[in-house]
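Descriptive analysis of the structure
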Amino acid sequence: MDGGADPIVTPKPANLDGVTTRTTCAYCGVGCGVLATTDSAGRVTVKGDPDHPANLGRLCSKGSALGETISLEGRLLQPQVDGVATDWDRAVATVAERFKATIAEHGPDSVAFYVSGQLLTEDYYVANKLMKGFIGSANIDTNSRLCMASSVAGHKRAFGADTVPGQYSDLEEADLVVLVGSNLAWCHPVLYQRLAAAKAARPGMKVVNVDPRRTATSDLADMHLALRPGSDVALFNGLLVQIAEQDAVNTDYVNSFVNGFDAALVEARMADISVTGLQLEELQAFYDLWVGTEKVVTIYSQGVNQSSAGADKVNAILNCHLATGRIGKPGMGPLSVTGQPNAMGGREVGGLANMLACHLDIENPAHRTAVHEFWDSPVIADKPGLKAVDMFNAVGEGKIKALWVMCTNPVVSMPEADKVKAAIKGCDFVVVSDMFADTDTAKLADIVLPATGWAEKDGTVTNSERCISRQKGFLPAPGEARHDWQIMCNVAKAMGWASAFDFHSPAEVFREYAAMSGISGRFGRDFDISGLADVSEAEYQSLKPTHWPITKTRTGGRYFADGSFFTGTGKANMLAVSYRPPQSIPTEDAPYIFNTGRVRDHWHTMTRTARSARLSQHLAEPYLEVHPEDALKLGLKPADLAEVSNAHGRSILRVLVTDRVAPGQVFAPMHWTGQTSSSGRIDTLVTANVDPVSGQPESKAATVAIAPYKAGWYGFAVCGDALTPKAEYWALAKTKSGYRAELAGRKAPADWEAYARQIFDLPNAQVVTYIDEARGLARLAFLEEGVLRAALFAAREPVALARSYVADLLGQGASPAVLSGRPGEDQPDPGATVCACFDVGINTILTAIETKGLTSVDAIGEALNAGTNCGSCKPELATLLVNALTPKAAAE
Ligand SMILES: Nc1nc2c(c(=O)[nH]1)N[C@H]1C(S)=C(S)[C@@H](COP(=O)(O)OP(=O)(O)OC[C@H]3O[C@@H](n4cnc5c(=O)[nH]c(N)nc54)[C@H](O)[C@@H]3O)O[C@H]1N2
Ligand SMILES: Nc1nc2c(c(=O)[nH]1)N[C@H]1C(S)=C(S)[C@@H](COP(=O)(O)OP(=O)(O)OC[C@H]3O[C@@H](n4cnc5c(=O)[nH]c(N)nc54)[C@H](O)[C@@H]3O)O[C@H]1N2
Ligand code: SF4
Ligand SMILES: [Mo]
């Protein structure tokens, strides 16, 4: 058996001082190029790569902070079996034996892989080959099921293939950009910046934002259509009718290249646009603008995909572009922005349970035979495997008996997360490959395998505009961590398939993959990168970002301006789609629509971004956006805690009263986990309703009940070391000098000092206290050698104090001001961080606006540097300005 280490891959220079590596950002699907420079102390500084076509030198706050998230703190450095560190030979042998035994006894469909759009293409290729060609099942699905599946389904129905027609520069060339269900400002910030720059240069350009919620993105928009959740199909059906009525159909294009126009229009005419809840004038203004503007790009994201009508929403949008022929031409077309850095690569390489590699179809016998022969494999999966929600149901029902989770954290991110947690707990054999051992999912595994991360691994990723870029490791693998592709090859070899998995470098994997894509080309499919089938190691190392296809005759470019679709007929399909409301209907028991999504500075389940103090200060606690009318009805004041519940789960969240959400709707971010909070794992509340076509869960429209959480006490704590919060409610965040925690519970601790010593683990530190039992106030500061080590502030109401100021006092000589929780006159409190790059707080900005008379975002930049590096905070700076200046203007 060969379970040992393979010879590894990219040699890392012995001396890292001053070495700059050209790589790609670890986070979103914009796919920005990064220049990472190491120094001899192991620090890494990052800059945007000016030569990368996605970002041309820009980075957002998360990209800029990549260097702060790569410390080895908390890293998994050795394989673990049942929580005990072991060596690779034993771990690999155990995984291989258990998978083999399960397959032998219960058949190939009794095992499954659940993988991720954050795997590199080479990792993905090996996973897909192992499951579909050697194990012989298609039970491999990816977190992209929660993310891109509806777009994939919509593309395939309309175009015959999962092809993205356009490219990023289209949004700069467009005269109208419509953002549907996309908070581009926070989730694809560099694309947003490109859009904002284009609009500033060409003020005639219009931006429309379609989102039930007002977001940072809405601030750029000329028009914000706050439609009712889930009503996008009706909105775009209404648009199709207007396209027809205003004679904007491109009849040449439709006659030559499109099927299904009449049926789609008949269905659209039956649409009741009033379900959008929008005023007729707003709708007409939007329709007139769209119909009257030739160069229109429609960008869409999770407000479209994560819906039980996700695929229909996608096709409703595509219908409008097909009817007008506004597709695949400069400045026009639909653009589904991808979430994860390799969401697109995963779609290409066959990461989803219902496809083969290279855009070949699992249900097409000719495709299957070709792939089978190419792999020279013992078997080939001949039917689609289980999609994510069904897969975890099958795990829960005991039908899947061995599960391997790689590079994703389903106990946090899957809908009905507690059910998923129970399923994983009850599964006979669970393997998790991750960088960290303490994720909510890894904690439940029988075997945890240490994987290399962004700074250490090599391979390729594809971004939203079909651009393939190299991700390059620049630090050595820590401890015994191995690359994901390598771990899977180790296991595949141990299962008896040595020659098929005898890869020694990612370049070898990539060459095989590129060669295989030639099959796709021969079948007349779109995904063909066979032009790279012979790249040498050196060429692979210096591979420049390149848009596919990459063949002897064609590189990159747009699709579909000239027809030539990948359907059987060669024509595109317009689909007759009709509005279906979200599956969960608000009831008396659960009257609120529960919308979920992202914040600017955190990435998903925060396993990396929570390690950066800068990124943790923008929004340091999970929260619930509630409309003021609802807050009044529910008896909730700003900063109170609310209990949010339904049949699946319960969460306690801080209330943020805001009219960004409509009455009857609330919004919570998806990021908080069991490591960072007591009950911020909000996917426990999301019902696993799925789109019938794509299998994508409706993560944006569960229904919940809300009630005030009756806290007997609230607390705020800071500590130089990680504290162990003991309270029914807690949320933990990193600060520059330690950690901060929000706390609350029904019954206050009887002995504040004993409680505080326990959570801070400071049994002997000197303490200064101010306790007023009658008013329920407690303030305790712990000092060692005159230096502040920790402090706790508690009250019967939400604790009002200058949090950033108190957090910054840690490690400093104690001053009498500590217990007041407020800075003296000479030391202003910066407040919550707005600009993460220069660490500029909200209070600093508001004071400067007031005292220096600043009237523009650029002026704030000049005065405070805020917004002058990555620019991710510019939308918030603009909002602060508007809010600060409006009352004055109105008074004048
Ligand atoms: N900062 C940050 N950026 C990220 C990520 C991250 O974790 N953090 N993750 C990346 C990933 S994997 C993804 S998939 C993308 C997601 O990027 P986005 O899709 O832009 O982000 P979300 O916040 O999930 O959802 C977008 C919006 O959909 C709206 N919405 C809800 N229901 C509806 C509806 O029925 N119709 C319409 N039109 N809109 C609706 C929500 O109010 C929300 O503002 O972000 C990527 N970028
Ligand atoms: N309610 C709600 N739920 C959602 C969403 C939503 O909008 N609302 N969005 C959904 C979407 S679009 C997405 S994409 C998912 C994301 O959800 P997840 O994929 O679960 O989130 P991540 O935190 O990105 O998980 C990645 C895991 O892989 C680990 N990791 C990082 N790099 C590597 C590596 O190179 N190798 C290995 N083996 N491990 C690595 C990280 O430590 C982390 O544990 O969440 C989905 N869930
Ligand atoms: S926009 Fe930000 S998170 Fe996305 S790839 Fe670029 S730098 Fe990374
Ligand atoms: Mo995603």
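Residues numbered from 1 in each chain as written. Chains lettered and ligands numbered in written order. Predicted model: local features only at pLDDT ≥ 70, side-chain atom pairs only at ≥ 80, totals over all residues. Heavy atoms only, no water.

Per an unreviewed UniProt entry, the protein chain carries the name Nitrate reductase and comes from Actibacterium pelagium. Per UniProt, the comment on the protein chain under Sequence similarities (unreviewed entry) is "Belongs to the prokaryotic molybdopterin-containing oxidoreductase family. NasA/NapA/NarB subfamily." (UniProt positions renumbered as here; feature names shortened; annotations may be inferred.)

1. As for the overall build of the protein chain
When you go through the protein chain residue by residue, the secondary structure sums to 28 helices and 34 strands. For 892 residues, the compact-globule formula gives about 29 Å, and the C-alpha radius of gyration of the protein chain, at 27 Å, lands near that figure. Oriented by its inertia axes, the alpha-carbon framework of the protein chain measures out at about 80 × 70 × 55 Å. Looking at the protein chain alone, contacts between residues at least 24 apart form 72% of all its contacts between residues at least 6 apart. Accessible area of the protein chain: about 30,600 Å², with a carbon and sulfur share of 51%. (Helix = DSSP H or I, 4+ residues; strand = E, 2+ residues; numbered from the N terminus. Rg over C-alpha atoms; globule rule 2.2 N^0.38 Å. Contact = heavy atoms within 4.5 Å. Areas by Shrake-Rupley, 256 points an atom, 1.4 Å probe, with all protein chains shown as cover.)

2. Focus: helix α8 (residues 232-245)
Its 14 residues give α8 an end-to-end C-alpha distance of 20 Å, which sits within 8% of 20 Å, the value for a rise of 1.5 Å per residue. For α8, a buried count of 13 out of 14 residues is recorded, marking the element as mostly surrounded by other parts of the structure. Residue Asp247 follows α8 closely and has a positive phi angle near 55°. (Expected span 1.5 Å × (residues − 1). Buried < 20%, exposed > 50% of the residue type's maximum accessible area, 1.4 Å probe, protein only.)

3. What about the UniProt feature "domain: 4Fe-4S Mo/W bis-MGD-type" (unreviewed entry) in the protein chain?
In the numbering adopted here, UniProt assigns the feature "domain: 4Fe-4S Mo/W bis-MGD-type" (unreviewed entry) to residues 18-74. For the annotated span residues 18-74, helix accounts for 7% and strand for 30% of the residues, and the straight-line distance between the end C-alpha atoms is 26 Å.

4. What to know about the sheet that holds strand β18 (residues 467-471)
Pairing within the open sheet is antiparallel, and its three strands lie in the order β17-β18-β19. Edge strands, defined here as strands with exactly one partner in the open sheet, are β17 (459-462) and β19 (546-547). (Pairing = 2+ DSSP bridges.)

5. Focus: the domain arrangement of the protein chain
Under the domain assignment, the protein chain is made up of domain 1 (80-146 + 345-547), domain 2 (149-336), domain 3 (592-708), domain 4 (713-808) and domain 5 (833-891). Here the C-alpha centroids of domain 2 and domain 5 sit 32 Å apart. On the domain 5 side, the residues contacting the seven residues of domain 2 number six residues. Here domain 2 and domain 5 share an interface that buries about 430 Å² over both sides, 47% of which is from carbon and sulfur atoms. Joining domain 2 to domain 5, the criterion identifies zero salt bridges. Linking domain 2 with domain 5 are two residue pairs in polar contact (both at pLDDT 80 or more), by the criterion used here. Taken together, the elements giving at least two residues each to the side of domain 2 that touches domain 5 come down to α6 (184-187) and α7 (189-201). It is α7 that provides the largest number of residues to the side of domain 2 that touches domain 5, a total of three residues. Partitioned by chemical class, the residues of the side of domain 2 that touches domain 5 number five nonpolar, one polar and one charged. (Domains from an automatic or database assignment. Buried area = accessible area lost by both parts, 1.4 Å probe. Salt bridge = Lys/Arg side-chain N within 4 Å of Asp/Glu carboxyl O. Polar contact = N/O pair within 3.5 Å; in protein donor to acceptor, adjacent residues only side chain to side chain. Nonpolar A, V, L, I, M, F, W, Y, C, P; charged D, E, K, R; others polar.)

6. Quick word on the site of ligand 1
In the neighbourhood of ligand 1, 35 residues make up the surrounding shell, with Asp211, Gly230, Ser301, Arg598 and His602 lying closest. Between ligand 1 and the protein, one listed contact pairs an oxygen atom with a side-chain N or O atom of Arg213 at 2.9 Å. Gly230 is positioned such that a nitrogen or oxygen atom in its backbone is 2.6 Å from an oxygen atom of ligand 1. Formed jointly, the shell around ligand 1 draws a minimum of three residues from each of two domains, domain 2 (149-336) and domain 3 (592-708). (Near = heavy atom within 4 Å.)

7. Focus on the sheet that holds strand β7 (residues 140-142)
Strand order in the open sheet made by the seven strands is β5-β4-β16-β15-β14-β6-β7, with mixed pairing throughout. In the strand order of this sheet, the two ends are held by β5 (84-85) and β7, each with one partner. In the sheet, strand β4 (residues 80-81) pairs with β5 via two bridges, with the strands oriented antiparallel. By the bridge assignment for β5, Val81 is matched with Val84. Along the sheet, helix α3 (residues 121-135) contacts β6 (111-115) and β7; its crossing angle with β6, the most-contacted strand, is approximately 165°. Those strands touched by helix α16 (residues 388-396) are β6, β7 and β14 (402-406), and its axis lies near 135° from that of β6. (Axes fitted to C-alpha atoms, helices over the stretch in contact; angles between N-to-C directions.)

8. Describing empty space enclosed by the protein
In this structure the tally under the stated criterion is seven cavities of 30 Å³ or more. Looking at the largest cavity, its volume works out to about 640 Å³. The wall of the largest cavity is formed by 39 residues, among which Gln118, Gln340, Cys407, Trp603 and His604 lie closest to the centre. At the level of secondary structure, the elements contributing two or more residues to the lining of the largest cavity comprise β15 (429-434) and β21 (592-597). Within the lining of the largest cavity, the residues separate by chemical class into 13 nonpolar, 19 polar and seven charged. The residues that make up the lining of the largest cavity include at least three from each of domain 1 (80-146 + 345-547) and domain 3 (592-708). There is about 540 Å³ of room inside the second largest cavity. Residue lining of the second largest cavity: 43 residues in total, with Gly181, Gln302, Gly303, Thr596 and Lys700 positioned closest to the centre. Of all the secondary structure elements, the ones that give two or more residues to the lining of the second largest cavity are α6, α12 (302-305), β21 and β25 (665-669). For the lining of the second largest cavity, the per-class residue count stands at 14 nonpolar, 20 polar and nine charged. (1 Å grid on protein atoms, 1.4 Å probe; cavity = no way out; pocket = protein on both sides within 12 Å on 5 of 7 lines; lining within 4 Å. Points joined across faces, edges and corners; volume = space filled by probe spheres on them.)

9. Details of the layout of surface pockets
Of the volumes computed, that of the largest pocket is approximately 1,600 Å³. Elements supplying a minimum of two residues to the lining of the largest pocket: β22 (623-626), β24 (650-657), β27 (713-719), β29 (738-745), α25 (803-809), β33 (833-835), α26 (842-852) and α28 (874-891). No other element matches the seven residues that α28 contributes to the lining of the largest pocket. Across the lining of the largest pocket, the residue classes tally to 23 nonpolar, twelve polar and 13 charged. The volume enclosed by the second largest pocket comes to roughly 720 Å³. Secondary structure elements with two or more residues in the lining of the second largest pocket: β3 (44-48), α7, α27 (857-864) and α28. Here the element with the most residues in the lining of the second largest pocket is α7; it accounts for six residues.

10. A look at the packing of α8 against helix α11 (residues 280-292)
Two numbers describe a pair of packed helices, the interaxial angle and the distance between the axes. Where α8 meets α11, the closest approach of the two axes is 10 Å, and the angle between their N-to-C directions is 55°. By the angle between their directions, the pair α8 and α11 is classed as oblique. Of the two elements, α8 crosses α11, and the hand of that crossing is right-handed. The segment α8 lies against α11, with Ala234, Leu235, Phe236, Gly238, Leu239, Gln242 and Ile243 engaging Leu283, Gln284, Phe286, Tyr287, Asp288, Trp290 and Val291. (Parallel < 35°, antiparallel > 145°, perpendicular 65-115°, else oblique. Left-handed = near helix turned anticlockwise from the far one by under 90°.)

11. Some words on the packing of aromatic side chains
In this structure the tally under the stated criterion is 28 aromatic pairs. Note on Phe510 and Tyr540: the rings are 5.5 Å apart at their centroids and 45° apart in plane angle, and the pair reads as tilted. In this pair, Phe510 is assigned in helix α20 (residues 506-522) and Tyr540 in helix α21 (residues 537-541), connecting sequence segments 30 residues apart. Of the two residues, Phe510 and Tyr540, neither departs from the other in class, the shared state being buried. Positioned over the ring face of Phe501 is Lys129, at 5.2 Å from the centre of the ring. The ring centre of Tyr540 lies 4.2 Å from the NZ or CZ of Arg470, which sits over that ring. (Phe/Tyr/Trp six-rings, centres within 6.5 Å; stacked < 30°, edge-to-face > 60°. Lys NZ or Arg CZ within 6 Å of the ring centre and 35° of its normal.)

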